[in-house]
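# Overview (structure and organization)
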Amino acid sequence: SGLNSMIFQSGSRFIARGGSNPFGAGQPSSVVTFQSGSTFDCQITGPAFSGRTYANFELNNAGTVTATGSATSTIENITINDGTFNYNMTGRSNIKGNITVAPGKTMNIAPASNPTDSLVFNGTSQQSISGAGTFTITNTISIQNKVVLNNTAGLVLNKNVTIPGTLVMLSGNITTGANTLTLGTNILISGTLA
């Protein structure tokens, strides 16, 4: 009950220290709305992602959080300050902002089955992947596992990134600077540029 009754406006912070689903109802319904610029401070292990929209997602849990599901998810910035984040969605995953992984922390993208798009960078301002932590994209099935750039402002790599599946360039450029963008070379799941 009370759907859409709790609104987190820009600058606000939802600190989750207990429970699991911050949305309080099965998707697509939600009690909570995260408006652009708000932050979900995840200190729990089981938040919902399938069919959900966060603004900024910040992981501050020393354990492992795994996101799964086939419904579309949308997140602005992803910041991994602690622990491991396995972002294994099989549905479309819209990333509107930056991905930052702190030293000694990990973000993995490894869907268990063929997603339509594993990760879509579609913000309205320049996006980046950065941080001294580990950032990996694992293509577990085939080249159907795609990373899509659809942002005219582009994507900046502040670290080396490997895309084993298909990289689809719809709009914008990828700026590598001194870093390396590697497409996969495995004979079964070689990377491609579309």
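Here goes a summary of the coordinates provided. (Residues numbered from 1 in each chain as written. Predicted model: local features only at pLDDT ≥ 70, side-chain atom pairs only at ≥ 80, totals over all residues. Heavy atoms only, no water.)

### What to know about the packing of aromatic side chains
- For the coordinates displayed, the defined rule picks out 17 aromatic pairs.
- Ring geometry for F49 against Y54: centres 5.3 Å apart, planes inclined by 45 degrees, an arrangement best described as tilted.
- The class for F49 is buried, based on a relative accessible area of 2%.
- Here the aromatic cluster, defined as three or more aromatic residues joined through ring pairs, consists of F8, F14, F23, F34, F40, F49, Y54, F57, F85 and Y87. (Phe/Tyr/Trp six-rings, centres within 6.5 Å; stacked < 30°, edge-to-face > 60°. Buried < 20%, exposed > 50% of the residue type's maximum accessible area, 1.4 Å probe, protein only.)

### Some thoughts on the environment of A71
- Within the element layout of this structure, A71 appears in the loop between β5 (56-67) and β6 (73-75).
- Separated by 22 residues in sequence, A71 and S93 place their C-alpha atoms 8.7 Å apart.
- With residues near it in sequence (within four places) discarded, A71 still touches Q27, S50, G51, M89, G91 and R92. (Helix = DSSP H or I, 4+ residues; strand = E, 2+ residues; numbered from the N terminus. Contact = heavy atoms within 4.5 Å.)

### Details of the pattern of salt bridges
- This model, assessed by the stated rule, comprises 3 salt bridges.
- The residue R13 makes a salt bridge to D41 at a minimum N-O spacing of 3.3 Å. Taken as a pair, R13 in strand β2 (residues 13-16) and D41 in strand β4 (residues 39-42) lie far apart in primary sequence, 28 residues in all.
- Exposure remark for D41: the relative accessible area of 5% places this residue in the buried category.
- The closest approach of N and O atoms between E58 and R13, which form a salt bridge, is 2.3 Å. Of the two residues, E58 sits in strand β5 while R13 sits in strand β2, which places them 45 residues apart along the sequence.
- Overall, E58 belongs to the buried group, its relative accessible area being 16%.
- Of the residues examined, R13 reaches a relative accessible area of 39% and is grouped as partly exposed.
- The network of salt bridges with shared partners includes R13, D41 and E58. (Salt bridge = Lys/Arg side-chain N within 4 Å of Asp/Glu carboxyl O.)

### Describing the pairing of β5
- Bridging between β4 and β5 involves 4 bridges; their strand directions are parallel. Along β5, the bridge assignment pairs T39 with N56.
- In this sheet, strand β7 (residues 78-87) lies alongside β5 in parallel orientation, the contact comprising 8 bridges. Its bridge partner lying in β7, F57 is registered against I78. (Pairing = 2+ DSSP bridges.)

### A short note on the environment of K96
- Here K96 shows up in the loop between β8 (93-95) and β9 (99-101).
- Under the relative-accessibility criterion, K96 is labelled partly exposed at 36%.
- On a C-alpha basis, the gap between K96 and I78 in space is 9.4 Å, while along the polypeptide they are 18 residues apart.
- Discounting residues that sit within four places of it in the chain, K96 has contacts with T74, I75, E76, N122, G123 and Q127.
- A distance of 3.5 Å separates the side chain of K96 from the side chain of N122, its partner in a polar contact. (Polar contact = N/O pair within 3.5 Å; in protein donor to acceptor, adjacent residues only side chain to side chain.)

### Regarding the pairing of strand β14 (residues 146-150)
- Of the strand pairs in this sheet, strand β11 (residues 119-121) and β14 are connected by 3 bridges, and their pairing is parallel. If you follow F121 over to β14, its bridge partner there is L149.
- Here β14 runs beside strand β17 (residues 166-171); their pairing, made up of 5 bridges, is parallel. From the neighbouring strand, N150 faces β17, where its bridge partner is S171.

Fair warning: the whole summary comes from geometry, so function is off the table for now.
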